[in-house]
Structure formats: C-alpha cells, structure tokens
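Structural characterization, general
The chain contents come next:
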There are 2 protein chains.
Amino acid sequence: MKVEFINPFVSATLDVFRVMLSCELSREPLIVKREHTPMHEVSGLIGLSGTCRGMVVVSVGRETAIRAAEIMLSSRPDGLNADVMDAIGEITNMIAGAAKAQLEQYSLSVGLPTVITGKCQTITFPSGAYPIGIPFESEIGPVCVQVGLVEVSEPAAPSAANGSTSAESN
Amino acid sequence: MKVEFINPFVSATLDVFRVMLSCELSREPLIVKREHTPMHEVSGLIGLSGTCRGMVVVSVGRETAIRAAEIMLSSRPDGLNADVMDAIGEITNMIAGAAKAQLEQYSLSVGLPTVITGKCQTITFPSGAYPIGIPFESEIGPVCVQVGLVEVSEPAAPSAANGSTSAESN
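All of the points below concern the structure found in this document. (Residues numbered from 1 in each chain as written. Chains lettered and ligands numbered in written order. Predicted model: local features only at pLDDT ≥ 70, side-chain atom pairs only at ≥ 80, totals over all residues. Heavy atoms only, no water.)

On to the overall build of chain A, then. Broken down by element type, chain A carries three helices and ten strands. Tracing chain A from N to C terminus, the helices and strands come up as α-β-β-β-β-β-α-α-β-β-β-β-β. Here chain A holds 170 residues, and 57% of them are scored as buried. Put simply, 71% of the contacts in chain A that link residues at least 6 apart link residues at least 24 apart. Carbon and sulfur atoms make up 51% of the accessible area of chain A, which totals about 6,900 Å². (Helix = DSSP H or I, 4+ residues; strand = E, 2+ residues; numbered from the N terminus. Buried < 20%, exposed > 50% of the residue type's maximum accessible area, 1.4 Å probe, protein only. Contact = heavy atoms within 4.5 Å. Areas by Shrake-Rupley, 256 points an atom, 1.4 Å probe, with all protein chains shown as cover.)

Okay, here's the thing in structure tokens:
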C-alpha cells in the first residue's frame, strides 16, 4: 500500500477520537501483515471505492466500545447493545469520511459501515492489498485501524488523479 | 431495504456458485433482522457505493470454505489458510460484481473484499439499512448472503464530518 494512504487515516482517527470522544490517542508502530491479522472484539468496517478501492476496519475491545458509546450518548449502555454498534459504526464512518476528504485525488466514495463482534476474529485482505495496521493506545483502551487500499487500473469515472497515471495518450 | 435489491444478489449468488463451484444452491426463506445477526465462521465482506451504498457479506462455515477453495484450486487446502481466504474473497467479489451489473441504475462501484474468520461472530448494520439475510443450502453446506443497502440522497458527499474535518475546496 502506498505510504501516502497512511497519514490521512492516522490524522482522521486522531481527529475523530479527539472531537467525538474527547480522547487523545497515541500512535504505536505500524503493523504490516497480510494474513490472519487479529482484531479486537468489536470492529467497524466500511468499504471505499473510486480510483482506488479498499476497506477500513476500526477495531476496539468490548470495554472500549462500551466506553466510547457511553461518552457519545452520555449514558452507559447495558453491554454490547445496538447503541454500542451504532457508535462504533458512526466512528468508523467518520474516520473513513475524514480520510476520504484528504484523499480527494482518488475520488473515493464511502460504503455503509457495519459492525462485527466476536472473540478471536482475524481479518485477511486480498493478495496485493498489503494492508497497514495502525495501532493506537488511549485512556479508554487500545484501538486498531486497518486499511487496505489498492489502485484500480480502469477507473469507473474520469480520473482526476495527478500522481500515478499510466501512460495514456489522448 | 428495497425489494428490488434482493433478486440481483440471489441470482448473482446462484450463478457464482454454479459457475465457480459447480454447486447448486437452494434458497431458504429470507431473514430480516437488524441486530446481532449470527454469521458462519468465515465471512467475505465487500462495500458498495454509488447512488446507494452498502455492504455485502457472504458467510460460510469452516468446512464449506475449505471445500469451496478445494473445488476452485483442485487441491485441498491445509485448513483455513491464505488460499481459502482468497477463494472466499473472490467469491464475494464476484457476487458483488454480478449483482452490481444488474443494478446499473445505481452506478455502484465495488470495494475490496476482505475475509473475517472467527467463531460466534455477529454482524450489525446501521440503523436505517434494514439488511436482508438470504440463506441457501447446498451440498457443500449452508451459505448466507447478507445485504444492507441504503439510497444516498447526494451520492458524492461525505456523510461523516461532524465539524471534525471539512472537505476543503481550493
């Protein structure tokens, strides 16, 4: 995955946690590992497509998910209920939206966030995606953002990409 | 979710299993349930965006996943390895692609498939998505396709940004 894809997701995550949860994250070293990357118990996923396509996964532990929903709702949810799922889905959506705004040249559009829960989950991105895991620590617990993005050879829409264009004569 | 969204995913799933795995699926009654829908152990997920946005999840048991990869590769994978993940990711990608072709009026583009494994996984779609679960039975085991799609009022606009970031036009 291109290095330029990483920073928008880092700053988006920092911003969303700061603004939505009044929570400062501290970044840990990146994880680059294609197969069977472990996830925390609650993960928000959202698809991205445009002149590159991909998936963003925001993964937190059970207690962090409940605490995040508690901060957003100003009342503590009763376990991993629908409110917690909506909170994690919304955080995922906002991180994807904020990163997309910084990756304008790829004309990204954002899918629908879904939230998966389960112990001992692992995620695998397709061959060629080389996903990056961006772990963070915070006072409400660890957060891991995983991003897999690949450039699309035939863009669906006229490409505004200024960087990596293939030699097309027109 | 609109009824017209369902049939493209049903026929796409039937076609992909028939063509790729020589496997005839028989359809079971639809499941309409927003919260905590259980999934099988191996699930391929892919995002869709366009004038509607959503997520497609193709979920199968461990043995079904291994058997599907075995049919595609003509050799039996040694457990839930990278080959199995790639096979399930590719099946998910093909189902989304075939359904997209039938939903041309929504100008869908398809994200990147990712595969999640884990026991006792559940999935939650956001409020307003009203996902549909389409279960199938087959000789290689049960398959469940879940689809959540919502129409977007303004296709390109970032729905997130609650003041944290705004797309700067320059």
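With that out of the way, let us pick up the interface of chain A and chain B. Between chain A and chain B, the contact holds 49 residues from the first and 50 residues from the second. Our enumeration of links across chain A and chain B arrives at zero salt bridges. Viewed at the interface, chain B and chain A are joined by ten residue pairs in polar contact (both at pLDDT 80 or more). Counting only elements with at least two residues in the side of chain A that touches chain B, the list comes to α1 (6-21), β4 (42-49), β5 (52-60), α3 (82-102), β6 (109-110), β7 (114-117), β8 (122-124) and β10 (143-151) of chain A. If you tally residues by element for the side of chain A that touches chain B, the top one is α3 of chain A, at nine residues. Bridge count between β7 of chain A and strand β8 (residues 122-124) of chain B: three bridges; the pairing is antiparallel. Residue I116 of chain A lies in a different strand from β8 of chain B, and its bridge partner there is I123 of chain B. (Salt bridge = Lys/Arg side-chain N within 4 Å of Asp/Glu carboxyl O. Polar contact = N/O pair within 3.5 Å; in protein donor to acceptor, adjacent residues only side chain to side chain. Pairing = 2+ DSSP bridges.)

Residues and elements named next belong to chain A. Membership of the largest hydrophobic core comes to 46 residues, with the highest contact counts inside it found for F9, F17 and I134. Residue assignment for this core shows that the elements contributing at least two residues are α1, β4, β5, α2 (62-73), α3, β9 (132-137) and β10. For this core, the element with the highest residue contribution is α3, accounting for ten residues. In contact with F17, not counting residues within four places along its chain, are S22, C23, L25, I91, I95, I140 and V143. (Core = buried A, V, L, I, M, F, W, Y, C linked by side-chain atoms within 4.5 Å.)

Let's shift gears to the pattern of salt bridges. Using the criterion set out here, one finds twelve salt bridges over all chains in the structure. Between E24 of chain B and R18 of chain B there is a salt bridge, with its nearest N and O atoms 3.0 Å apart. Here E70 of chain B and R76 of chain B are joined by a salt bridge, their closest N and O atoms 2.9 Å apart. Overall, the relative accessible area of 44% leaves R76 of chain B in the partly exposed class. Shared partners join several salt bridges into a network, and the residues in it are E63, R67, E70 and R76 of chain A.

Right, let's get into the relation of the copies chain A and chain B. Expressed as a screw operation, the relation of chain A to chain B combines 0.0 Å of axial shift with a rotation of 180°, fitting to an RMSD of 0.1 Å. Expressed as a symmetry operation, the mapping of one chain copy onto the other fits a two-fold axis. Of the C-alpha atoms belonging to chain A, the one lying closest to the rotation axis is found on G47 of chain A, 2.0 Å away. Taken together, the interface assignments show that 84% of the residues at the interface of chain A recur at the interface of chain B, consistent with an identical surface on both copies. (Least-squares fit on C-alpha atoms with pLDDT ≥ 70 in both.)

Another aspect to go through is α3 of chain A. The first and last C-alpha atoms of α3 of chain A sit 30 Å apart over 21 residues, in line with the 30 Å expected at 1.5 Å per residue. Of all 21 residues making up α3 of chain A, 16 are buried, and the element is well covered by its neighbours. (Expected span 1.5 Å × (residues − 1).)

One pass over the full model with this rule turns up zero disulfides over all chains. The cysteine C52 of chain A is free of any disulfide, with C144 of chain A supplying the nearest cysteine sulfur at 20 Å. According to the relative accessible area criterion, C52 of chain A is buried, its value standing at 0%. The thiol sulfur of C120 of chain A is not disulfide-bonded, and the nearest other cysteine sulfur, from C120 of chain B, lies at 9.4 Å. (Disulfide = S-S within 2.5 Å.)

Residues and elements named next belong to chain B. Position of T92 among the secondary structure elements: in helix α3 (residues 82-102). In sequence terms T92 and V58 are 34 residues apart; their C-alpha atoms lie 6.0 Å from each other. Sequence-distant contacts of T92, that is, excluding residues within four places in its chain, are made with G44, L45, I46, V56 and V58.

Taken by themselves, the reported measurements are silent on function.
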